[in-house]
Every structure is written in structure tokens, then in C-alpha cells.
Amino acid sequence: MEEFVKFIKEIIWIDELDLQLVLARCRERQIVKNKLILRKGQIASQYFFIVSGGVRFFYEAHDQENTTWVMFANEFFTEISSLHPQKPSRFNIEAIEETKLIVIDKKDMDFLYGQVAAWEEFGRKIWEATTIRMIDQIMNFQTLSAEERYLSFLENSELIQKSSVKQVAAVLGITPNALSRIRKKIR
């Protein structure tokens, strides 16, 4: 939990009693590589903080897996399009390597939002940052070439090192063959 406490304190100021209340609603979970955390069709009921490892969001269409999002250590996530409206998920969420998570159930998160003002601020800041990241990704798809998108991904070496070529290509919105051509051109 030490990593999670550090993450929380980097985002908000929280007094020790409130922090202990938050931590009492958290639990750790180890996920083996390639295990699904959430399966398409399930209703999301938890929030997660990645202590170590990584996850990917993907869906299947036309007999293909399409990776839409990849996250690593020190990131907070859920399948919000399922969790908030309590609708079946359109995505699978899978551990792409051995992954250690901090898990908070939706009912506990709702309780914490109602009881701990600092925690409500934490949630707001997390979702604002996530929204900015999504907007940046959309803008990149609309304004950058595939090569430019790949070059910006190189800045996140963890994504390149820990994801398969197929997954990186899917996140970039190109085929693995196109990614190979871009890599050859850059070298």
C-alpha cells in the first residue's frame, strides 16, 4: 500500500485519519499475466490502482483483438463506461504481465466520496487527468500521421517494451506491418 499512499499524497493533501479510512476500504490483488480482470459483458464494480505491472483494454471485432488503452504502474483506472451506468462492459481488461493492484469496490468508493472531502477532490483530479489523456489521444489520431503517433509513443518506453507489436500497432490505429515499416524507416 506504500506506493498507493505516495500516489494519493502527490495528488491531494489528506489528513491521517481520512487516509486510514481510505486504506481500510482497499485491498491488494495479484493478477497473473494474460488473466482477465474484467470480461466483456460483465458489469464493472471496482476501481484499480496499478502498483506494478500493466493492463490493456481491448475488444474483439472481425475475429481480431483491438487494444484501445494500455496502462502501467502508478495509474488509476476502471471501466467507467460500465461502472457508472452499471451496464455490461464493451471491453476486456487483461494483465499484460504479472500485475499487483490495489482494489476499491464501487460501494466503498461511493462511501469515501461522501465521507472524505479530500477523497472527492482526489477522484475529480484523477478523472480530469484521464479525460485530458483521452482528448490528447483523440487529437493525436486526428492530427498526427502514424509515424508521428509512433514517435510520441516512444516517449513512453514502458509501453513499447512491455506491449507486443500487435498491441502497440492497435493502440496507434495501424497494422503490425505498417508499424514494422515505420520502425525500419526511423532506424
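Going by the structure above, here's the rest.
Heads up: these notes are all about the structure in this document. Residue positions are given per chain, counted from 1 along the sequence in the order it is written. Where local features are concerned, this predicted model is filtered to residues with pLDDT of at least 70; where side-chain atom pairs are given and counted, the filter is 80 or more; whole-chain, interface and lining totals use all residues. Hydrogens and water are ignored here; the side-chain numbers use all heavy atoms of the structure.

What follows deals with the pattern of salt bridges. One side-chain nitrogen of Lys or Arg within 4 Å of one carboxyl oxygen of Asp or Glu is enough to make a salt bridge. On inspection of all chains with the given rule, the structure shows 11 salt bridges. Of the charged contacts in the structure, one is a salt bridge between Asp105 and Arg27, with a shortest N-O distance of 3.3 Å. Here Asp105 is found in strand S8 (residues 99-105), whereas its partner Arg27 is found in strand S1 (residues 26-31), with 78 residues between them in sequence. Buried, partly exposed and exposed residues are distinguished by accessible area as a fraction of the type maximum, computed with a 1.4 Å probe on protein chains only: under 20%, between the cut-offs, and over 50%, respectively. Exposure remark for Asp105: the relative accessible area of 18% places this residue in the buried category. Among the ionic pairs, Glu121 bridges to Lys125, the shortest N-O distance being 2.9 Å. Of this pair, Glu121 and Lys125 both sit in helix H5 (residues 117-143), four residues apart, which is roughly one turn of the helix. We classify Lys125 as partly exposed; its relative accessible area is 30%. A run of H or I in DSSP counts as a helix once it spans at least four residues, and a run of E counts as a strand once it spans at least two, with each numbered from the N terminus.

Here we take up the side chain of Asn92. Relative to the helices and strands, Asn92 resides in strand S7 (residues 92-95). From its side chain, Asn92 meets the backbone nitrogen of Lys40 in a polar contact 2.9 Å long. What makes two residues a contact is simply this: any of their non-hydrogen atoms within 4.5 Å. Sequence-distant contacts of Asn92, defined by excluding residues within four places in its chain, comprise Leu36, Leu38, Arg39, Lys40, Arg56, Phe57, Phe58 and Glu60. Pairs of N or O atoms within 3.5 Å make up the polar contacts considered here, provided that, within protein, one atom can donate a hydrogen while the other can accept it, and that residues adjacent in sequence are counted only when both atoms are side-chain atoms.

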